[in-house]
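Fold and geometry: a report
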Amino acid sequence: MNRKDNAKQQMLIRALIFIAILIVYLVMQGDLFPSDGYNSPAPTAGPSLWNSDGPTMEVHYIDVGQADSILVSVEGEHMLIDAGNNEDEDLVLQYLAEQGVTSLRYVVGTHPHEDHIGALDGVILNMDVEKVLMPKVSANTQTYENVLKAVKKKKLKVTAAVPGDTYELGSAVVTVLGPVKKYDDLNDWSIVLRVEYGARSFLFCADAERPALQDILNTGRTVASDVIKMGHHGSSSSAYDKFLEAVNPTWAVITCETGNDYNHPHIETVEWLKENQILLFRTDKQGHVAAITDGQTIEWNMEPTDDYSRGIIK
Ligand SMILES: [Zn+2]
C-alpha cells in the first residue's frame with residue numbers, strides 16, 4: 001500500500017465515522033424516527049373514506065351522556081336529531097363547530113323529553129336553521145316552552161312529522177316512520193327516521209318503545225337498515241325482537257351514560273344483540289361514535305365494543 005492509498009483509506013474511515021455520528025445524532029433528535037406515535041404506519045386496508053374527497057354521508061352519535069344528539073351530514077347539508085340535555089348546549093354547539101357545521105337544514109326534536117330537546121333552543125338560537133321537525137304533541141315544561149320560544153324568535157315554524165313524509169338531505173332520503181298514532185306515553189310519540197344513502201341505511205328510533213315500534217311494523221314501510229340507533233337508550237321496553245328482526249341490522253348504537261339511574265342498557269337488550277351477532281357501539285363506553293359511508297361501504301371511527309354488559313351491574 002503506497003502513501004496515497006493510505007490517505008484515501010483514512011479519509012474514507014473519517015467519512016464513515018462522521019456518517020455514523022450523524023445517524024446517532026438524528027435518531028436521538030427523533031428526526032429519522034419521530035416519537036409522536038406515528039412510528040409504525042396505521043393498518044389500512046386501502047384508502048379510508050374519512051380521507052375521501054368523494055360524496056359521503058357521516059353519522060355522528062355525539063356523547064351527551066344519558067341523552068341523544070345525532071348529527072347526519074351529507075354532501076355539505078346537515079341534520080341534527082335531538083340536542084341532549086339543557087346543560088349540553090355548549091358541548092353540542094362546540095361539536096358542530098368542530099365539524100365545520102354552521103347551518104342545519106333540519107333540526108329534529110324527536111319528542112318533548114328534556115334529554116332530547118334540552119339544548120334544542122340553544123341550537124336553534126345559535127345556528128342558521130332551515131326547518132324544525134317535531135311530533136304533534138306538546139309538554140307542559142319550561143324546556144318545551146323554551147324550544148317554542150326559540151322557534152318563534154327565529155321566525156321559524158314547527159313542521160309536524162308525518163309518517164311517510166320524505167325529506168332530502170344532499171342525495172340522501174330521510175323518511176319519517178313514526179309516530180304513527182297518538183300515545184299516552186311521550187316516548188312512543190318519538191319521531192323515528194330512516195335515512196337511505198345509496199345502498200346503505202341508518203335507522204334512528206329515539207325513545208320509541210314496543211307499541212310504537214309495532215305500529216311502525218303494521219304500516220308495512222321498510223324498516224330494514226344496516227345500522228340501528230337502539231330505542232330509549234337500550235331499554236328492554238324498546239328491544240322488541242319482532243321489530244329488530246325486521247330491521248336486521250349489522251351494527252347497533254346505544255346512547256347512554258355510565259352509572260345512569262335507569263340501569264340502561266338493559267340486559268335483555270344487550271343479550272339479544274349478542275345472540276344475534278350484531279356489532280355494538282355504545283357512547284357510555286366509547287364516547288363519540290361516528291360512521292361514514294359512500295353509499296356502499298360503512299366505516300367507523302373505532303372498533304365496535306365487545307362489552308355487552310348492562311349499564312350498572314347490581
Ligand atoms: Zn331519552
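Structural data are supplied above this passage.
Let us look at the structure shown here. Note that this is a predicted model, so its numbers are computed, not measured. (Residues numbered from 1 in each chain as written. Predicted model: local features only at pLDDT ≥ 70, side-chain atom pairs only at ≥ 80, totals over all residues. Heavy atoms only, no water.)

**Re the coordination of the zinc ion**
Distances from the zinc ion to its protein donors, D115 (OD), H116 (NE2), D207 (OD) and H233 (NE2), fall within 2.1 Å. Around the zinc ion sit 4 donor atoms; with metal-centred angles ranging over 86 to 146°, the donor geometry is irregular. Read from N- to C-terminus, the donor residues coordinating the zinc ion fall into the pattern D-H-x90-D-x25-H. One end of the pair, H116, is in helix α3 (residues 114-117); the other, H233, is in the loop between β11 (227-229) and α7 (241-247), and 117 residues separate them in sequence. Of the two residues, H116 and H233, both sit in the buried class. (Donors = N, O, S within 2.8 Å, 3.2 Å for Na, K, Ca; no water. Tetrahedral: all angles 85-135°; square planar, octahedral: opposite > 155°, others 65-115°. Helix = DSSP H or I, 4+ residues; strand = E, 2+ residues; numbered from the N terminus. Buried < 20%, exposed > 50% of the residue type's maximum accessible area, 1.4 Å probe, protein only.)

**Section: the sheet that holds strand β15 (residues 298-300)**
The strand order across the open sheet formed by 8 strands is β6-β5-β4-β3-β2-β1-β14-β15, and the pairing between neighbours is mixed. Since the sheet does not close on itself, it has two edges, and those belong to β6 (158-160) and β15, each with one partner. Taking each pair of neighbouring strands and ignoring which way they run, the sheet shows an average axis angle of 20°. Across 5 bridges, strand β1 (residues 57-61) lies against strand β14 (residues 289-293) in antiparallel orientation. The residue bridging E58 from the neighbouring strand is I292, located in β14. (Pairing = 2+ DSSP bridges. Axes fitted to C-alpha atoms, helices over the stretch in contact; angles between N-to-C directions.)

**Here's the deal with unusual backbone geometry**
Where the residue is not glycine, phi is negative for most of them; where a peptide bond is considered, it is trans in most cases. Each neighbour pair has its own omega, and for G178 with P179 the value is 10°, a cis peptide bond. Inspection of the secondary structure puts P179 in the loop between β8 (172-178) and β9 (192-197). A cis geometry characterises the amide bond from H264 onward to P265, with omega recorded as -5°. Turning to its location among the elements, P265 is positioned in the loop between β12 (251-254) and α8 (267-275).

**Quick look at the sheet that holds β12**
Spatial ordering of the open sheet is given by β7-β8-β9-β10-β11-β12-β13, a layout of 7 strands whose pairing is mixed. Of all the strands in the sheet, just β7 (166-169) and β13 (279-282) have a single pairing partner and so form its edges. Each strand axis lies, on average, 20° off the axis of its neighbour in the sheet, ignoring direction. Judged from the 3 bridges that link them, β11 and β12 form a sheet pairing that is parallel. For V227, the partnering residue across the bridge sits in β12 and is W251. Across the sheet, α8 lies against β12 and β13, angled at about 160° from β12, the strand it touches most. (Contact = heavy atoms within 4.5 Å.)

**Looking at the side chain of D226**
Of note, D226 is situated in the loop between α6 (210-219) and β11. Judged by its relative accessible area of 14%, D226 falls in the buried class. Within the structure, D226 has its side chain in polar contact with the backbone nitrogen of S201 (distance 2.8 Å). When near neighbours in sequence (up to four residues on either side) are disregarded, D226 contacts A199, R200, S201, P249, T250, W251 and I298. (Polar contact = N/O pair within 3.5 Å; in protein donor to acceptor, adjacent residues only side chain to side chain.)

**Comments concerning the packing of aromatic side chains**
What the rule picks out here adds up to 6 aromatic pairs. A centroid spacing of 6.3 Å and a plane angle of 35° characterise the contact between Y61 and F204, whose relative ring orientation is tilted. Highlighted residues: Y61 in strand β1 and F204 in strand β10 (residues 200-204), separated in sequence by 143 residues. Judged by its relative accessible area of 0%, Y61 falls in the buried class. On the accessibility criterion, F204 (2% relative accessible area) is buried. (Phe/Tyr/Trp six-rings, centres within 6.5 Å; stacked < 30°, edge-to-face > 60°.)

**Brief notes about the pairing of strand β4 (residues 103-108)**
With 3 bridges connecting them, strand β3 (residues 77-81) and β4 associate as parallel partners. Across the sheet, M79 pairs through a bridge with Y106, a residue of β4. One crossover worth recording links β3 to the parallel β4 by way of helix α2 (residues 89-98), and it is right-handed. Note: β4 against strand β5 (residues 128-134), 5 bridges, orientation parallel. Of the residues in β5, the one forming a bridge with Y106 is K131. (Right-handed = clockwise from strand over helix to strand, strands pointing away.)

The values are spatial; any link to function lies outside them.
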